[in-house]
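Descriptive analysis of the structure
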Amino acid sequence: MRGVAPALFTSAGLIAGFAVTRMQRHRSWSGLVAGAGGLAGVESCRRRSGLGRAMLLGVAYAAGLAGSHPLARRIGAWPAVLTATAGVATTARILSRGDGRRGEPQGARGTGRT
């Protein structure tokens, strides 16, 4: 799972969760899909950047999921989901960078320096 970017998991979770709601009309199934995507994204971020950043991503994911609902009333369902997805994916990308991970000096990754 370390090789898959957290942004991919979070994006897939939000978009697929909404698509399941549209197709099945069962919110419980869509919640399961969205939850799985969020958990996978958080775990991937934890492996890359540590627990603190992963927890921040979890909060951003929950905020994006919850925030898409009132936003949908203003701009429509799919635009709201895509807007929330873009925000969460950007957050995931920023938080999952390896800078400062677990005491590692910034810039030391991949340079051969210690």
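Since this is a predicted model, take the numbers as computed values, not measurements.

Looking now at the overall build of the chain. Of regular secondary structure, the chain possesses four helices and zero strands. For the chain, the sequential pattern of α-helices and β-strands runs α-α-α-α. The burial tally for the chain puts 33% of its 114 residues in the buried class. Considering only contacts within the chain whose residues lie at least 6 apart along the sequence, 72% involve residues at least 24 apart.

The next subject is the packing of helix α3 (residues 51-75) against helix α4 (residues 77-95). Following both chains from N to C, one finds α3 and α4 inclined at 165°, their axes separated by 8 Å at the closest point. Relative to α4, the element α3 lies roughly antiparallel. The two elements α3 and α4 meet at a crossing, and its hand is right-handed. Of the residues in α4, those touching α3 at Arg53, Leu56, Leu57, Ala60, Tyr61, Gly64, Ser68, Leu71, Ala72 and Ile75 are Ala77, Pro79, Ala80, Thr83, Ala84, Val88, Thr91, Ala92, Ile94 and Leu95. Along the lines of polarity and charge, the residues of the contact of α3 with α4 split into 15 nonpolar, four polar and one charged.

On the surface, Ile15, Trp78 and Leu82 cluster together to form a nonpolar patch covering roughly 250 Å² of accessible area. Checked against the element boundaries, Trp78 lands in helix α4. Residue classification places Trp78 among the partly exposed residues on the basis of a relative accessible area of 35%.

This part is about the confidence of the model for the chain. Of all residues in the chain, 83% have pLDDT values of 70 or greater, and the mean over the chain is 86. Low pLDDT, under 50, characterises residues 103-108; the stretch is placed with six contacts to residues that sit more than four places away or in other chains.

Here we come to α3. Along its 25 residues, α3 runs 35 Å from first to last C-alpha, staying within 8% of the 36 Å computed at 1.5 Å per residue. If you look at α3, its biggest bend is around 35°, right at His69, and the proline Pro70 turns up within four residues after that. Within the sequence span of α3, burial applies to Ala54, Leu57, Ala60, Tyr61, Gly64 and Ser68. Turning to α3, the residues buried within the fold contact α1 (6-24), α2 (27-49) and α4. Of the residues trailing α3, Gly76 is marked for its positive phi of about 105°.

Quick look at the nonpolar core now. It is characteristic of soluble globular proteins that their nonpolar side chains tend to be buried jointly. Listed in full, the eleven residues of the largest apolar core are Ala7, Leu14, Ala34, Cys45, Ala54, Leu57, Tyr61, Val88, Ala89, Ala92 and Leu95. Of all elements in the fold, only α1, α2, α3 and α4 reach the threshold of two or more residues within this core. The element best represented in this core is α4, accounting for four residues. Among residues more than four places away in sequence, those in contact with Tyr61 are Thr10, Gly13, Leu14, Ala34, Gly37, Gly38 and Val88.

Criteria and cut-off values
- Residues numbered from 1 in each chain as written.
- Predicted model: local features only at pLDDT ≥ 70, side-chain atom pairs only at ≥ 80, totals over all residues.
- Heavy atoms only, no water.
- Helix = DSSP H or I, 4+ residues; strand = E, 2+ residues; numbered from the N terminus.
- Buried < 20%, exposed > 50% of the residue type's maximum accessible area, 1.4 Å probe, protein only.
- Contact = heavy atoms within 4.5 Å.
- Axes fitted to C-alpha atoms, helices over the stretch in contact; angles between N-to-C directions.
- Parallel < 35°, antiparallel > 145°, perpendicular 65-115°, else oblique.
- Left-handed = near helix turned anticlockwise from the far one by under 90°.
- Nonpolar A, V, L, I, M, F, W, Y, C, P; charged D, E, K, R; others polar.
- Patch = residues over 30% accessible without salt bridge, like charges linked within 9 Å, V, L, I, M, F, W, Y side chains within 5 Å.
- Areas by Shrake-Rupley, 256 points an atom, 1.4 Å probe, with all protein chains shown as cover.
- Salt bridge = Lys/Arg side-chain N within 4 Å of Asp/Glu carboxyl O.
- pLDDT = per-residue confidence, 0-100.
- Expected span 1.5 Å × (residues − 1).
- Bend = angle between axes of the 7 residues up to and from the residue.
- Core = buried A, V, L, I, M, F, W, Y, C linked by side-chain atoms within 4.5 Å.

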